[in-house]
Amino acid sequence: MDLRLMGIDSPIFQVLHHVLDAADDDKSSSNIPSGAYVRDAKAMAATPADVKEYPNSYAFIVDMPGLKSGDIKVQVEDDHVLLISGERKREEELEAGAKYVRMERRIGKLMRKFVLPENADTEAVSAVCQDGVLTVTIPKLAPPEPKKPKTIEVKIA
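Read on for a plain summary of the structure. (Residues numbered from 1 in each chain as written. Predicted model: local features only at pLDDT ≥ 70, side-chain atom pairs only at ≥ 80, totals over all residues. Heavy atoms only, no water.)

## Digging into the pattern of salt bridges
For step 1, the next point in the chain: In the structure shown here, the tally under the stated rule is one salt bridge.
For step 2, the next point in the chain: In this structure, lysine 140 and glutamate 53 form a salt bridge, with 2.6 Å as the shortest nitrogen-oxygen distance. Here lysine 140, found in the segment after strand S7 (133-139), pairs with glutamate 53, found in strand S1 (residues 49-53); they are 87 residues apart in sequence, far enough to count as distant.
For step 3, the next point in the chain: Classification of glutamate 53 as exposed rests on a relative accessible area of 56%. (Salt bridge = Lys/Arg side-chain N within 4 Å of Asp/Glu carboxyl O. Helix = DSSP H or I, 4+ residues; strand = E, 2+ residues; numbered from the N terminus. Buried < 20%, exposed > 50% of the residue type's maximum accessible area, 1.4 Å probe, protein only.)

## Section: the sheet that holds strand S3 (residues 72-77)
For step 1, the next point in the chain: Taken in spatial order, the three strands line up as S3-S4-S5 in an open sheet, and their pairing is antiparallel. The sheet is open, and its two edges are formed by S3 and strand S5 (108-115), each paired on a single side. Geometrically, the sheet is characterised by an average inter-axis angle of 15° between neighbouring strands, direction not taken into account.
For step 2, the next point in the chain: Relative to S5, strand S4 (residues 81-88) is paired through eight bridges, and the arrangement is antiparallel. Bridging from a neighbouring strand, leucine 83 pairs with lysine 113 of S5. (Pairing = 2+ DSSP bridges. Axes fitted to C-alpha atoms, helices over the stretch in contact; angles between N-to-C directions.)

## Some points on the packing of aromatic side chains
The relation between two aromatic rings is expressed through the spacing of the ring centres and the mutual angle of the planes.
For step 1, the next point in the chain: For the coordinates displayed, the defined rule picks out one aromatic pair.
For step 2, the next point in the chain: Between phenylalanine 60 and phenylalanine 114 the ring centres are 4.9 Å apart and the planes differ by 45°, which places this aromatic pair in the tilted class. Of the two residues, phenylalanine 60 is situated in strand S2 (residues 57-63) and phenylalanine 114 in strand S5; the sequence distance between them amounts to 54 residues.
For step 3, the next point in the chain: Look at phenylalanine 60 and you get buried, because its relative accessible area is 4%.
For step 4, the next point in the chain: Here phenylalanine 114 falls in the buried class, since its relative accessible area comes to 9%.
For step 5, the next point in the chain: Lysine 140 extends its terminal NZ or CZ atom over the ring of tyrosine 58, reaching a point 5.0 Å from the ring centre. (Phe/Tyr/Trp six-rings, centres within 6.5 Å; stacked < 30°, edge-to-face > 60°. Lys NZ or Arg CZ within 6 Å of the ring centre and 35° of its normal.)

## Examining the nonpolar core
For step 1, the next point in the chain: By size, the foremost hydrophobic cluster in this structure holds 15 residues, and its most contacted members are Phe60, Met64, Leu82, Ile84, Val136 and Ile138.
For step 2, the next point in the chain: Elements with a minimum of two residues in this core: S2, S4, S5 and S7.
For step 3, the next point in the chain: Apart from residues lying up to four places away in sequence, isoleucine 138 is in contact with Ser57, Tyr58, Phe60, Leu82, Leu116, Ala120, Asp121 and Val125. (Core = buried A, V, L, I, M, F, W, Y, C linked by side-chain atoms within 4.5 Å. Contact = heavy atoms within 4.5 Å.)

## Things to note about the side chain of arginine 88
For step 1, the next point in the chain: Within the element layout of this structure, arginine 88 appears in strand S4.
For step 2, the next point in the chain: What arginine 88 contacts, discounting residues up to four positions off in sequence, is Pro65, Gly66, Leu67, Arg105, Arg106, Ile107 and Gly108.

## Looking at the pairing of S7
For step 1, the next point in the chain: Alternating residues of S7 divide into Leu134, Val136 and Ile138, all buried, and Val133, Thr135, Thr137 and Pro139, none buried.
For step 2, the next point in the chain: Two strands pair when backbone bridges link them, and strand S6 (residues 126-130) and S7 are joined in this way by five bridges, in the antiparallel orientation. For cysteine 129, the partnering residue across the bridge sits in S7 and is leucine 134.
For step 3, the next point in the chain: Between the antiparallel neighbours S6 and S7 lie two residues, among them aspartate 131 with a positive phi of about 55°.

See the structure below:
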């Protein structure tokens, strides 16, 4: 849309129009991160987590306030990445005559990604959510048995 057709011919509007047209032309060449990337980065920065290593397992403890266990997704991606995510939505149902006076509780996406060590057993992942704290436990694989030297019998010729 050309802003000059609407009678708006200010230099600031010309610059804005140019920027908007440039953004529409080619999104792949711009260095501007996508909205989903920014949203995920904010969610990862705002989701606190602890990681513990035990002799036989790893434990990932993530705060997931206000989420039920069905609202939390725990996935192991192909490249040994643990993805924990969920979304807390605003309560739409208010009692008759009630209105928000102040809203301070966090809403939105919660997410964390962890690169798993090579010895993590991704087939035996378990997750438990209690009191808004999610604990994901991943057992360690047994270390490979050391190879024993092969003894070769020496024959007399």
